[in-house]
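Given next are the chains, with one letter for each unit.
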Amino acid sequence: MFTDKNIVLIVSGGVAAYKSAIFARLLMKQGANVKVVMTQAATEFVTPKTFEALTQHPVVTDLFDAHNESMIAHVSLADWADYIFVVPATANILAKMAAGIGDDAASSVLLARHTPVIVAPAMNVNMYENPATQRNLKTLREDGVIIIEPAEGMLAEGYAGKGRLPEPDEILALADLKLRQQTGRLAGKKVVVSAGGTVEPIDPVRFITNRSSGKMGYALAQAAAEQGADVTLVSSSELPAPVGVTMVPVQSARDLLAAMTERFDDTDVAIMAAAVSDYRVATPADQKMKKNADHAGLTIDLVENPDILATLGQQKTTQYLVGFAAETQDLLTYAQNKLEKKNADMLVANDVSKAQVGFGHDTNEVTLLQRNAALEKLPLQSKLALARDIMNRIASQVEGK
């Protein structure tokens, strides 16, 4: 969202102002061009020279500073900006924004704004919960300002409460998500995505699984959230949760089946991206199994796991159901058969024998199969870019329904 964009970062006066320097650096790493405006109070916590060194731009602290690049600095900055961030946003700057006050450089830039504004409040919990602050936040939301909610934790005053500034990378991720959601096509829809390879115990220390990392499922969950959907990710993977997604941890195929069927009736889109173990151990051992002393070998009895995609296909009413087929040969034959047999609406097929495709990789290449539609091959690209392409096609189908 921020590559090659002009960003005005407004820093107001609070203990968390030091995190703004890290945030400015993160924006620049994404390819943004950053200019900073500071309130006088902010300069008590971090010096303007810090931001000047980081951004390679002069810092504006005074409307009437003779060193300003423009005679009307607040208007020229507002015109220059593609996005404006206020990090941290104190109760004072929030009140000025809500009331339309422009009595210093920072508030005047905000008053002249005509591009998206993202604010990250940070203050004492009692200040945050004050009815006046909550009224101001309500007004700003109604005005279209994006609010990044403060975190709960230990405050500067020595006690816990809601009011901490989130970490800079979290602010950036949430801002990216909320901006994308403004043009999302799945607002009001519920999406459930499964991810990762299921785990079937042999004994307390050993298990059967597969090579799935869960990366594709996580990318699809993120892409669905970016489209404005209410997203639940049912996962056996331990990857960091995508921003804005509800996580449901599972282990075995039966765990996954229970989690998916529990949510299926209330779901608009279900995506089975998890790699489900076809078999499980009939009777897992209660204690660690020891090596056979006479080296006679070991036999483990396996039983078939439930077919989750087929089960959901049988239960489907109005849901849009997406399945995956990871194959090493005869990809399209197996995928077409799976699409029809499992009663799916879309089948995402990939040949995991190819380099940089499928399990464990950050890239993927797939072919999309849909009922009564031509095959569509999507080129090798990052899994997130691919997930966004897939989610756009799902959104078109769901809108059509």
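Residues numbered from 1 in each chain as written. Predicted model: local features only at pLDDT ≥ 70, side-chain atom pairs only at ≥ 80, totals over all residues. Heavy atoms only, no water.

As named in an unreviewed UniProt entry, the chain is Coenzyme A biosynthesis bifunctional protein CoaBC, taken from Weissella confusa.

> Any chance you could break down the UniProt feature "binding site: CTP" (unreviewed entry) in the chain for me, citing the residues and the numbers?
Feature annotation in UniProt assigns "binding site: CTP" (unreviewed entry) to the following positions: Asp 278, Lys 288, Pro 306, Asp 307, Ile 308, Leu 309, Phe 324, Lys 338 and Lys 342. Spatially, the listed residues are scattered: they cover 65 residues, and their C-alpha atoms lie as much as 37.6 Å apart. Among the annotated residues just listed, those lining the largest pocket are Asp 278, Pro 306, Asp 307, Ile 308, Leu 309, Phe 324, Lys 338 and Lys 342. If you trace the backbone, Asp 307 turns up in the loop between strand 15 (302-304) and helix 11 (308-315). Since its relative accessible area comes to 34%, Asp 307 is described here as partly exposed. (UniProt positions renumbered as here; feature names shortened; annotations may be inferred. 1 Å grid on protein atoms, 1.4 Å probe; cavity = no way out; pocket = protein on both sides within 12 Å on 5 of 7 lines; lining within 4 Å. Helix = DSSP H or I, 4+ residues; strand = E, 2+ residues; numbered from the N terminus. Buried < 20%, exposed > 50% of the residue type's maximum accessible area, 1.4 Å probe, protein only.)

> So, a nonpolar patch on the surface: which residues are in play, and what are the values?
A cluster of nonpolar residues, Val 15, Tyr 18, Ile 22 and Phe 45, forms a patch on the protein surface that exposes about 410 Å² of accessible area. The topology assignment puts Ile 22 in helix 1 (residues 18-29). (Patch = residues over 30% accessible without salt bridge, like charges linked within 9 Å, V, L, I, M, F, W, Y side chains within 5 Å. Areas by Shrake-Rupley, 256 points an atom, 1.4 Å probe, with all protein chains shown as cover. Salt bridge = Lys/Arg side-chain N within 4 Å of Asp/Glu carboxyl O.)

> Mind laying out the pairing of strand 2 (residues 33-38), listing which residues take part and the relevant values?
The element strand 2 is largely enclosed, with a buried count of five among its six residues. Bridge analysis of strand 1 (residues 6-11) against strand 2 gives six bridges, and the strand direction is parallel. Bridge pairing in strand 2 links Val 11 to Met 38. For the crossover from strand 1 across helix 1 to strand 2, the handedness is right-handed. (Pairing = 2+ DSSP bridges. Right-handed = clockwise from strand over helix to strand, strands pointing away.)

> I'd like a description of the packing of aromatic side chains, backed by residues and values.
Overall, the coordinates contain three aromatic pairs when judged by the stated rule. Ring centres of Phe 2 and Tyr 83 lie 5.5 Å apart, and the angle between their planes is 85°; this geometry places the pair in the edge-to-face category. Of the two residues, Phe 2 is situated in the segment before strand 1 and Tyr 83 in strand 3 (residues 83-89); the sequence distance between them amounts to 81 residues. Of the two residues, Phe 2 and Tyr 83, both sit in the buried class. On the numbers, 5.7 Å between centres and 65° between planes, the contact of Phe 2 with Phe 85 is edge-to-face. Here Phe 2 is found in the segment before strand 1, whereas its partner Phe 85 is found in strand 3, with 83 residues between them in sequence. Neither Phe 2 nor Phe 85 differs from the other in exposure class; each is buried. Among the aromatic residues, those joined into a cluster by ring pairs are Phe 2, Phe 23, Tyr 83 and Phe 85. Residue placement shows Lys 35 over the ring face of Trp 80; its charged tip is 4.4 Å from the ring centre. (Phe/Tyr/Trp six-rings, centres within 6.5 Å; stacked < 30°, edge-to-face > 60°. Lys NZ or Arg CZ within 6 Å of the ring centre and 35° of its normal.)

> Report on the nonpolar core, specifying residues and quantitative values.
In this structure, Val 191, Leu 220, Ile 271, Ile 390 and Ile 394 are the most contacted members of the largest nonpolar core, which totals 35 residues. Per-element accounting of this core gives the leading share, eight residues, to helix 9 (residues 215-226). Listed in part, the 32 residues of the second largest apolar core include Ala 17, Phe 85, Leu 165 and Leu 172. (Core = buried A, V, L, I, M, F, W, Y, C linked by side-chain atoms within 4.5 Å.)

> Explain the sheet that holds strand 8 (residues 190-195) residue by residue, including any values.
Read from one edge of the open sheet, eight strands run 12-11-8-13-16-17-18-19, paired in mixed fashion. Either end of the sheet is taken by a strand with one partner, and the two such strands are strand 12 (246-249) and strand 19 (376-382). The mean inter-strand angle of the sheet, taken between neighbouring strand axes irrespective of direction, is 20°. Here strand 16 (residues 320-327) pairs with strand 17 (residues 346-351) via six bridges, running parallel. In the strand pairing of strand 17, Gly 323 is matched with Leu 347. Of the strands in this sheet, strand 16, strand 17 and strand 18 (363-370) are in contact with helix 12 (residues 331-341), which crosses strand 17 at around 155°. (Axes fitted to C-alpha atoms, helices over the stretch in contact; angles between N-to-C directions. Contact = heavy atoms within 4.5 Å.)

> I'd love a proper account of the environment of Leu 378, names of residues and values included.
Residue placement: Leu 378 occurs in strand 19. In this structure, the C-alpha to C-alpha distance between Leu 378 and Lys 189, residues 189 residues apart in sequence, is 25 Å. Once residues lying within four places of it in the same chain are set aside, the contact partners of Leu 378 are Glu 365, Val 366, Leu 368, Leu 386, Asp 389, Ile 390 and Arg 393.

> How would you summarise unusual backbone geometry if you had to cite specific residues and measurements?
Excluding glycine, most residues fall at negative phi; most peptide bonds, likewise, are trans. Following Val 87, the chain continues to Pro 88 via a peptide bond in cis, the omega torsion being -10°. One non-glycine residue, Gln 356, adopts positive backbone phi at about 65°. Counting through the fold element by element, Gln 356 comes out in the loop between strand 17 and strand 18. The backbone of Asn 372 sits at a positive phi, close to 55°, despite the residue not being glycine. By the element assignment, Asn 372 lies in the loop between strand 18 and strand 19.

> Report on the sheet that holds strand 5 (residues 146-147), specifying residues and quantitative values.
Spatial strand order, 2-1-3-4-5: five strands in an open sheet with parallel pairing. Either end of the sheet is taken by a strand with one partner, and the two such strands are strand 2 and strand 5. The strands touched by helix 2 (residues 48-55) within the sheet are strand 1 and strand 2, with strand 2 carrying the most contacts at an inclination of about 170°.

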